[in-house]
Structure formats: structure tokens, C-alpha cells
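Residues per chain are reported as follows:
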Amino acid sequence: MPSLVGSEMCIRDSSNSVGFFLERNNSITKLIDIGSGTGWFVNFVSDNFNNIKSIYGIEPSSAAIALSKKIYYEKDSITYLNDFAHIALSKLDKDVYLITTFAVFQHLPRRYTKKIIKSIDNICLKDSKIIFNEPIGESNLNNYRMHYARTKNFWTKNLKNFNVEFKNKNTIIATKL
């Protein structure tokens, strides 16, 4: 298995990180990672956080999922959902989840991002947590140099059933009300 030391430091390097949250919160037992790619993060969580019993890696690329299974082998705690995010999310039961992304929404059009957010809202029960690592734009003009960076106003308006906080210029933390 690849060394996780350098990457592990990024997961736990600040009070705004997913690792920092997981080390201090045992009440959430299910995690959804949107855009799980080749599975590094979902496997890291599976190996390092025993309180997370069910992990859903949503990834539209079947090649990325196959690579993840080849590198890390299949684990009982991880379920890969090979589909677009709004469809995969609609297949999950309502529950308390921790939902994560890392630089996913910046590659998606605004209308599709809104569709995913609606799907997230539909499955999340009170106290579900969102930790999105996405660039936060100052204005819509940022789209010319940062793909589809969303403003704080966009996130607050579309995550209307969540208490939304912004940490630095790339972290959105929200709790379902």
C-alpha cells in the first residue's frame, strides 16, 4: 500500500479538516465522498477512523473505481457508487451523514451543483455535516481564472437548510438544521 504520511498530514493539518472533525466526533458513522476518484480518501478513512462504519464513494468513472479496488482491495466498509452524484445520492437512505468533496464542484456547472445540493438536502437528517474543500470566489468574475468558483452567497443560498460556515478561502462547513 502507498505511504500515507504526507497525505495524512493534509487530512489532519487544521481544525477545519475532515480528519480533525473525525478524531473528535463519534456520533456520525456514515460518510459520503463525492468524486472519490481512485479512492485514496475513502480508504484512508476506512483504515484510520473506526467510528465510520459505512463509506460511500461516489464516482462517475468506472476506471477510477476499478483502479481503487486494485490498489487498495475491496473493503466491507466501502461501497462505491459508479454514477453521477445526484443519481447515486437518490439511492441512499435518509440518515445522518458526513459528506465530503475535494475540488469537485469547481469543475461542474452551477445548475448541476444545485441539483447535487438538493439531493444532499433530501437525504441528510438533522446534524448531518458537510465539509467541502472547494475554492470560494469573491464574485462570479472568479470563474475566468478558477473554473466555476462559487461565492459565499451561492453556498449560503443553496444550502438553506444548513448552518453554513466558511473557513479560509476553500472550506465550506455546514450542519443540517
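Everything that follows concerns the structure shown earlier in this document.
In short, a report on the structure. Everything numeric in this text was worked out from a predicted model, so none of it was measured. (Residues numbered from 1 in each chain as written. Predicted model: local features only at pLDDT ≥ 70, side-chain atom pairs only at ≥ 80, totals over all residues. Heavy atoms only, no water.)

**Some remarks on the overall build of the chain**
Step number 1: On a plain count of helices and strands, the chain comes out with 7 helices and 9 strands.
Step number 2: Looking at the chain as a whole, 50% of its 177 residues qualify as buried.
Step number 3: Accessible surface, the chain: about 9,300 Å² in total, of which carbon and sulfur atoms supply 51%. (Helix = DSSP H or I, 4+ residues; strand = E, 2+ residues; numbered from the N terminus. Buried < 20%, exposed > 50% of the residue type's maximum accessible area, 1.4 Å probe, protein only. Areas by Shrake-Rupley, 256 points an atom, 1.4 Å probe, with all protein chains shown as cover.)

**Comments concerning the sheet that holds strand β9 (residues 171-176)**
Step number 1: The strand order across the open sheet formed by 7 strands is β3-β2-β1-β4-β5-β9-β8, and the pairing between neighbours is mixed. Two strands in the sheet have a free side with no partner beyond their single neighbour: β3 (78-81) and β8 (162-167). Between one strand axis and the next, the sheet turns by 15° as a mean value, whatever way the strands run.
Step number 2: Sheet analysis places strand β1 (residues 30-34) next to strand β4 (residues 98-102), joined by 4 bridges and oriented parallel. Residue Asp 33 lies in a different strand from β4, and its bridge partner there is Thr 100.
Step number 3: Of the strands in this sheet, β1, β4, β5 (129-133), β8 and β9 touch helix α6 (residues 110-123), which is tilted by about 175° from β1. (Pairing = 2+ DSSP bridges. Axes fitted to C-alpha atoms, helices over the stretch in contact; angles between N-to-C directions. Contact = heavy atoms within 4.5 Å.)

**Structural notes on the nonpolar core**
Step number 1: Counting residues in hydrophobic clusters, the biggest one holds 30 residues, and the most contacted among them are Ile 32, Ile 34, Leu 89, Ile 99, Ile 116, Ile 120 and Leu 159.
Step number 2: The set of elements that each furnish at least two residues to this core consists of β1, β2 (54-58), α5 (85-90), α6, β5, α7 (152-158), β8 and β9.
Step number 3: The greatest single-element share of this core, amounting to 5 residues, is contributed by α6.
Step number 4: Setting aside residues no more than four positions away along its own chain, Ile 116 makes contact with Ile 34, Ala 85, His 86, Leu 89, Phe 105 and Leu 108.
Step number 5: The next biggest cluster of nonpolar side chains, apart from the first, holds 18 residues, and it includes Leu 31, Val 42, Ile 65 and Tyr 80. (Core = buried A, V, L, I, M, F, W, Y, C linked by side-chain atoms within 4.5 Å.)

**Topic: the packing of aromatic side chains**
Step number 1: Under the defined criterion, the tally for this structure stands at 7 aromatic pairs.
Step number 2: Centroid distance Trp 40 to Phe 44: 5.1 Å. Interplanar angle 15°. Geometry classified as stacked. Within this pair, Trp 40 and its partner Phe 44 are both found in helix α3 (residues 40-48), separated by 4 residues, close to a single helical turn.
Step number 3: Taken together, Phe 105, Phe 132, Phe 154 and Trp 155 form an aromatic cluster joined through their ring pairs.
Step number 4: Sitting over the face of the ring of Phe 20, Arg 24 holds its NZ or CZ atom 3.5 Å from the ring centroid.
Step number 5: We note Arg 150 situated over the ring of Phe 154; from NZ or CZ to the ring centre the distance is 5.4 Å. (Phe/Tyr/Trp six-rings, centres within 6.5 Å; stacked < 30°, edge-to-face > 60°. Lys NZ or Arg CZ within 6 Å of the ring centre and 35° of its normal.)

**Observations concerning the side chain of Glu 59**
Step number 1: With respect to the helices and strands, the residue Glu 59 is situated in the loop between β2 and α4 (62-72).
Step number 2: Despite its burial, Glu 59 remains without a salt bridge, the nearest opposite charge being carried by Lys 69 at 13 Å.
Step number 3: Among the polar contacts made by the side chain of Glu 59, one reaches the main-chain amide nitrogen of Ser 36 at a distance of 3.4 Å.
Step number 4: Those residues in contact with Glu 59 that sit more than four places away from it in its chain are Gly 35, Ser 36, Gly 37, Ala 64, Ile 65, Leu 81, Asn 82 and Asp 83. (Lys, Arg positive; Asp, Glu negative; His and termini not counted. Salt bridge = Lys/Arg side-chain N within 4 Å of Asp/Glu carboxyl O. Polar contact = N/O pair within 3.5 Å; in protein donor to acceptor, adjacent residues only side chain to side chain.)

**Side note on the environment of Asp 121**
Step number 1: With respect to the element layout, Asp 121 can be found in helix α6.
Step number 2: Linking Asp 121 and Leu 89, residues 32 residues apart in sequence, is a C-alpha distance of 9.9 Å.
Step number 3: Sequence-distant contacts of Asp 121, defined by excluding residues within four places in its chain, comprise Asn 161, Phe 162 and Lys 176.

**Some details on the pairing of β9**
Step number 1: Along β9, 6 of the 6 residues are buried, which leaves the element largely enclosed by surrounding structure.
Step number 2: Here β9 shows no split at all, with Thr 171, Ile 173 and Thr 175 on one side and Ile 172, Ala 174 and Lys 176 on the other all buried.
Step number 3: The pairing of β5 with β9 spans 5 bridges and is antiparallel. By the bridge assignment for β9, Lys 129 is matched with Thr 175.

**Quick notes on the pairing of β2**
Step number 1: The buried fraction of β2 is high, at 4 of 5 residues.
Step number 2: Looking at chain direction, β1 and β2 are connected through 5 bridges and run parallel. If you follow Leu 31 over to β2, its bridge partner there is Ile 55.
Step number 3: Since β1 and β2 lie parallel, the crossover through α3 that links them has a hand, and here it is right-handed.
Step number 4: Two strands pair when backbone bridges link them, and β2 and β3 are joined in this way by 4 bridges, in the parallel orientation. Bridge pairing in β3 places Tyr 56 opposite Thr 79.
Step number 5: Once the chain exits β2 it traverses α4 before rejoining the sheet at β3, and the crossover so formed is right-handed. (Right-handed = clockwise from strand over helix to strand, strands pointing away.)

Such coordinate-based values are descriptive only and should not be taken to indicate function.
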